[in-house]
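Fold and contact review
For reference, the chains in residue letters:
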Amino acid sequence: MGRFLKHELSGWKAWEIIWLAAACTIITALSIHWGDDVLGITMALTGVICVILTGKGKMSCYLFGLVNTVLYAWIAFGARYYGEVMLNACYYAPMQFVGWFMWKK
């Protein structure tokens, strides 16, 4: 676990940390302005963090991606977007595990 955390936290340049903080701040501010709830804000934040971590080549992107896809499926279910629910719950969420294990090899 310590080696994993060390790898995930290493290799960041100052501008990348600023970019991550700015992206999270902007998405949070916009979500609050648009009246989104905590679930929606969390889903948006995990999506943004997942994309940035993927660009950095960090395995933790799969953890954030899993949270993002599950929350999106839940929100889509509440909105009765059943196709989106099936896509996220039956494809994207399981693919997070596939990606994690393939990357470990």
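The structure under discussion appears in the preceding block.
In this report, we go over the structure that sits alongside the text. All values derive from a computational prediction rather than experimental measurement. (Residues numbered from 1 in each chain as written. Predicted model: local features only at pLDDT ≥ 70, side-chain atom pairs only at ≥ 80, totals over all residues. Heavy atoms only, no water.)

Unlike most non-glycine residues, Arg80 shows phi in positive territory, near 65 degrees. Structurally, Arg80 is set in the loop between α4 (61–78) and α5 (82–104). Among the residues examined, Arg80 registers a relative accessible area of 62% and is labelled exposed. (Helix = DSSP H or I, 4+ residues; strand = E, 2+ residues; numbered from the N terminus. Buried < 20%, exposed > 50% of the residue type's maximum accessible area, 1.4 Å probe, protein only.)

To continue, consider the side chain of Ser31. Among the secondary structure elements, Ser31 is positioned in helix α2 (residues 14–33). Setting aside residues up to four positions removed in sequence, Ser31 forms contacts with Asp36, Ile41 and Ala44. (Contact = heavy atoms within 4.5 Å.)

This paragraph deals with the pattern of salt bridges. Counted under the stated rule, the structure contains 1 salt bridge. Glu16 is paired through a salt bridge with Lys56; the nearest N and O atoms lie 2.9 Å apart. With Glu16 in helix α2 and Lys56 in helix α3 (residues 38–56), this pair connects stretches of sequence that are 40 residues apart. Overall, the relative accessible area of 11% leaves Glu16 in the buried class. (Salt bridge = Lys/Arg side-chain N within 4 Å of Asp/Glu carboxyl O.)

Okay, the packing of α2 against α3 next. One can describe the packing of α2 onto α3 by two numbers: an axis separation of 9 Å at closest approach and a directional angle of 160 degrees. Of the possible angle classes, the one that applies to α2 and α3 is roughly antiparallel. Between α2 and α3 the crossing geometry is right-handed. Every residue of α3 that contacts α2 at Glu16, Trp19, Leu20, Ala23, Cys24, Ile27, Thr28, Ser31 and Ile32 is listed here: Ile41, Ala44, Leu45, Val48, Ile49, Ile52 and Lys56. Across the contact of α2 with α3, the residue classes tally to 12 nonpolar, 2 polar and 2 charged. (Axes fitted to C-alpha atoms, helices over the stretch in contact; angles between N-to-C directions. Parallel < 35°, antiparallel > 145°, perpendicular 65-115°, else oblique. Left-handed = near helix turned anticlockwise from the far one by under 90°. Nonpolar A, V, L, I, M, F, W, Y, C, P; charged D, E, K, R; others polar.)

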